[in-house]
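Secondary and tertiary structure notes
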Amino acid sequence: MRPRLAVLALGALLALGTAAPPAAAAPADTAAVAAAQAEVDRVAALVAAAEEELARSTVLAEAAADADRVAQEELTTAQEAQAATAAALAEAQAATEVAEDDVATLGREAFMGQQTFGTAQVLLDAESPEDVLQRAATMEQLGLDRTGRLDAVEAQRDQEQAADAAAQEAVGRLDAAAQAAAESDAAAQQQLAAAQESFDAVTAQKADLDAELLAAQTALLEAQGVEDAAAAAAAAAQASVAAASVSSTGDGSLVDGRVTSCYGSRWGTTHFGIDVAAPIGTPIYAPEGGVVLDAGPASGFGQAVYVQHPDGVVTLYGHVDSFTVRPGQVVSAGQQIATVGNRGQSTGPHVHVETHYGGLYADRRNPVPWLTSHGISVGSCG
């Protein structure tokens, strides 16, 4: 929830307040107007601070989830690398055993050959000079073959040692990745707990502040001599809510909700999408047609839907309560794909929307320009 909402409400109120009061209205009391304006400003600042805190708790929880997702992906990569090096080591060990058995057989054959007839005897038994040369050449070739087989054993042993070193290094990387993933997950859970506590407390406080602000706005309009000040203040508050809501002018849609946090760097982290608050179960629609890359459990988001569109951009919808599509399904603009939820690292019911330009989680950019180009207005983030 953005501080700009309170500012919008105040702006709408002041616009009404500066209009010429009806002729029958009593003259405005300058002192009373100033006092009422001061009260509106005071409460509006409190509302803005509350909205800022709500946005902060949500963004920090999502940032912790994003860091945890990266750590889990690195762990998966380390696990795959360790499995590959272990398989390579097993293969190298098996090959070494075969080579060593081959050399052992070669040794036994050489020994038996020398026992039966030595080199000199083989040459003396030749029937002609040509036979002597042929036998000598044959024995030389056998010697070269034995030398090659011995060299092959040494080379295979070297490969086994290299594979063993790589396997040990992979185990070390896996252990480090596992520890980092465990620490990241614990930090994410701790951040979520703290964020949830803050969110719940401020949500209760904000309900009272909203009522207090409406009362102050009504009092200001009354002091300015506006007739039916209560209705005018309520209309101004409604207009501010509408200004922060998502709307559509094209075939596609998104969700009937209010933008609570925009894309960008805040509170020492980067918020890679926009958040739209709405009650659990509110339908989420595809802004444009495309192919569903995935729909289901997602680290940090609890559940998420990913749709790739014709221009290559992948849109992500996180924290969904349920999804109505499956991987590989082709969807059209305006088709329902999910419902708003509060799953994963979430402090309140909302959908988190991202745009990825380089594949899943690669080249994540501000989704507002892409949504705007497809007829989706995102309120205060636009």
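About the criteria used
- Residues numbered from 1 in each chain as written.
- Predicted model: local features only at pLDDT ≥ 70, side-chain atom pairs only at ≥ 80, totals over all residues.
- Heavy atoms only, no water.
- Salt bridge = Lys/Arg side-chain N within 4 Å of Asp/Glu carboxyl O.
- Helix = DSSP H or I, 4+ residues; strand = E, 2+ residues; numbered from the N terminus.
- Buried < 20%, exposed > 50% of the residue type's maximum accessible area, 1.4 Å probe, protein only.
- Polar contact = N/O pair within 3.5 Å; in protein donor to acceptor, adjacent residues only side chain to side chain.
- Contact = heavy atoms within 4.5 Å.
- Pairing = 2+ DSSP bridges.
- Disulfide = S-S within 2.5 Å.

Looking at the pattern of salt bridges
Applying the stated criterion across every chain, the model contains twelve salt bridges. The salt bridge partner of Lys 206 is Asp 210, with a shortest N-O separation of 2.7 Å. In this pair, Lys 206 and Asp 210 are both assigned in helix H4 (residues 129-223), four residues apart and thus about one turn of the helix distant. Exposure remark for Asp 210: the relative accessible area of 33% places this residue in the partly exposed category. Beyond isolated ion pairs, a larger network of salt bridges with shared partners links Asp 66, Arg 69, Glu 73, Glu 354 and Arg 364.

Topic: the side chain of Thr 355
Along the chain, the position of Thr 355 falls in strand S13 (residues 350-356). For Thr 355, a relative accessible area of 0% puts it in the buried group. Here Arg 365 takes part through its backbone oxygen, which lies 2.9 Å from a polar atom of the side chain of Thr 355. With residues near it in sequence (within four places) discarded, Thr 355 still touches Val 313, Val 314, Thr 315, Asp 363, Arg 364, Arg 365, Asn 366, Pro 367 and Trp 370.

Digging into the sheet that holds strand S6 (residues 283-285)
The strand order S6-S12-S10 describes an open sheet built from three strands, whose pairing is antiparallel. Across the chains shown, the open sheet's two edge strands, defined by having one partner strand only, are S6 and strand S10 (322-323). Pairing of S10 with strand S12 (residues 336-339), which is carried by two bridges, proceeds in the antiparallel orientation. Opposite Phe 323, over in S12, you have Ala 338 as the bridge partner.

Here we look at the pairing of strand S5 (residues 274-277)
Neither face of S5 is left uncovered, since the one carrying Ile 274 and Val 276 and the one carrying Asp 275 and Ala 277 both have all their residues buried. In terms of strand pairing, strand S2 (residues 258-261) meets S5 through three bridges, oriented antiparallel. Each residue of the ladder has a partner; that of Ser 261, found in S5, is Asp 275. Relative to S13, S5 runs antiparallel, the two being bridged by four bridges. Bridged to Ala 277 within S13 is His 350.

Focus on the state of the cysteines
On inspection of all chains with the given rule, the structure shows one disulfide. Disulfide pairing is shown between Cys 262 and Cys 381; the S-S distance is 1.8 Å. Taking the sign of the S-S torsion, about -100° here, the bridge from Cys 262 to Cys 381 comes out left-handed. On the criterion of sequence distance, the pair formed by Cys 262 in the loop between S2 and strand S3 (264-266) and Cys 381 in the segment after strand S15 (376-378) is long-range, its members being 119 residues apart. This pair shows no difference in class: Cys 262 is buried, exactly as Cys 381 is.

Quick word on the pairing of S13
In regular strands, side chains alternate between the two faces of the sheet. Among the seven residues of S13, seven are classified as buried, and the element is accordingly described as predominantly covered. Side chains of S13 alternate between two faces, with His 350, His 352, Glu 354 and His 356 and Val 351, Val 353 and Thr 355 buried alike. Here strand S9 (residues 314-318) runs beside S13; their pairing, made up of five bridges, is antiparallel. The partner of Tyr 317 across the bridge, within S13, is Val 353. Looking at chain direction, S13 and strand S14 (residues 364-365) are connected through two bridges and run antiparallel. The residue bridging Thr 355 from the neighbouring strand is Arg 365, located in S14.

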